[in-house]
Amino acid sequence: MAKTIPVKTYYLEMRKRPLLDFQTRKDVQVFRTKHITSKYYLDLYRSVGEDIGWVDRLLIATEELDEILGNEEVELLIFYKSGVPLGFAELDLRIPGEVKLQYFGLQPTYRGQGFGTYFLNWVIRYVWGKRPTPERFWLHTCELDHDGALPTYLNAGFHIYDEQIVDQVVWEEEI
């Protein structure tokens, strides 16, 4: 059962390509996925976000999710190691000149091993390599996210431009 709680939310942005010390890894791959079923997406979404309270995509109708996933201005980047998906990034390019990092995360097993930093830096390079170059790359995260999320975003070159208390939908634990 879902309920709403007040949660501190951080809004971050990047207005220019940061200088990143990026070394390509040969043991991982990132694939841009154009055609993905909502079932596969939701399985990946749950595997990455269930332990940190991701519920938004679970609360919308399958038709609405299919419409989002089928939109040419929404990109899904899946991060793999040895054929196993470690995590994903969802980019929303529907606002001209902007790219929103809608979702970004790794499965719990792969956190704390440097994969998140590598993947985020890969995504940043990818976004700033787009033509036309975006004017703004942005995201939001909150206090429910993994403890390393906010520091990782800040270390990658994002800057906080706003903080708010937002009513967030979460699963209520059943007794």
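Residues numbered from 1 in each chain as written. Predicted model: local features only at pLDDT ≥ 70, side-chain atom pairs only at ≥ 80, totals over all residues. Heavy atoms only, no water.

Undergrad: In this structure, what is going on with the packing of aromatic side chains? I would like to understand it.
TA: Two numbers describe a pair of aromatic rings. These are the distance of the centres and the angle of the planes. Using the criterion set out here, one finds 17 aromatic pairs in the structure. Ring geometry for Tyr11 and Tyr161: centres 6.2 Å apart, planes at 55°, overall tilted. Note that Tyr11 is positioned in strand β1 (residues 2–14) and Tyr161 in strand β7 (residues 159–171), a separation of 150 residues in sequence. Taken together, the ring pairs connect Phe79, Phe104, Tyr110, Phe115, Tyr118, Phe119, Phe137, Tyr153 and Phe158 into an aromatic cluster. (Phe/Tyr/Trp six-rings, centres within 6.5 Å; stacked < 30°, edge-to-face > 60°. Helix = DSSP H or I, 4+ residues; strand = E, 2+ residues; numbered from the N terminus.)

Undergrad: Can you help me understand the side chain of Arg136 in this one?
TA: Position of Arg136 among the secondary structure elements: in strand β6 (residues 136–142). Judged by its relative accessible area of 11%, Arg136 falls in the buried class. A polar atom in the side chain of Arg136 sits 2.8 Å from the side chain of Tyr161. What Arg136 contacts, discounting residues up to four positions off in sequence, is Glu13, Met14, Arg15, Gly97, Glu98, Val99, Trp128 and Tyr161. (Buried < 20%, exposed > 50% of the residue type's maximum accessible area, 1.4 Å probe, protein only. Polar contact = N/O pair within 3.5 Å; in protein donor to acceptor, adjacent residues only side chain to side chain. Contact = heavy atoms within 4.5 Å.)

Undergrad: Would you mind going over empty space enclosed by the protein with me for this structure?
TA: Over the atoms rolls a probe the size of a water molecule, and its path tells where empty space is left. Per the counting criterion, the structure on display carries one cavity of 30 Å³ or more. Of the pockets and cavities examined, the largest cavity occupies roughly 40 Å³. Lining the largest cavity are Thr33, Lys34, Ile36, Leu69, Val74, Glu75 and Leu76. Of the residues that constitute the lining of the largest cavity, the class distribution is four nonpolar, one polar and two charged. (1 Å grid on protein atoms, 1.4 Å probe; cavity = no way out; pocket = protein on both sides within 12 Å on 5 of 7 lines; lining within 4 Å. Points joined across faces, edges and corners; volume = space filled by probe spheres on them. Nonpolar A, V, L, I, M, F, W, Y, C, P; charged D, E, K, R; others polar.)

Undergrad: Before we go on, may I ask you to explain the layout of surface pockets in this structure?
TA: Computed from the structure, the largest pocket encloses a volume of approximately 430 Å³. Along the walls of the largest pocket sit 23 residues, with Asp56, Tyr103, His140, Cys142 and Gln168 positioned nearest its centre. Secondary structure elements with two or more residues in the lining of the largest pocket: β1, β5 (98–106), β6 and β7. Volume-wise, the second largest pocket comes out at about 280 Å³. Along the wall of the second largest pocket there are 17 residues; nearest its centre are Arg111, Gly116, His146, Ala149 and Thr152. Only β5, α3 (115–128) and α4 (149–156) provide two or more residues apiece to the lining of the second largest pocket. Here the lining of the second largest pocket is composed, by residue class, of six nonpolar, nine polar and two charged.

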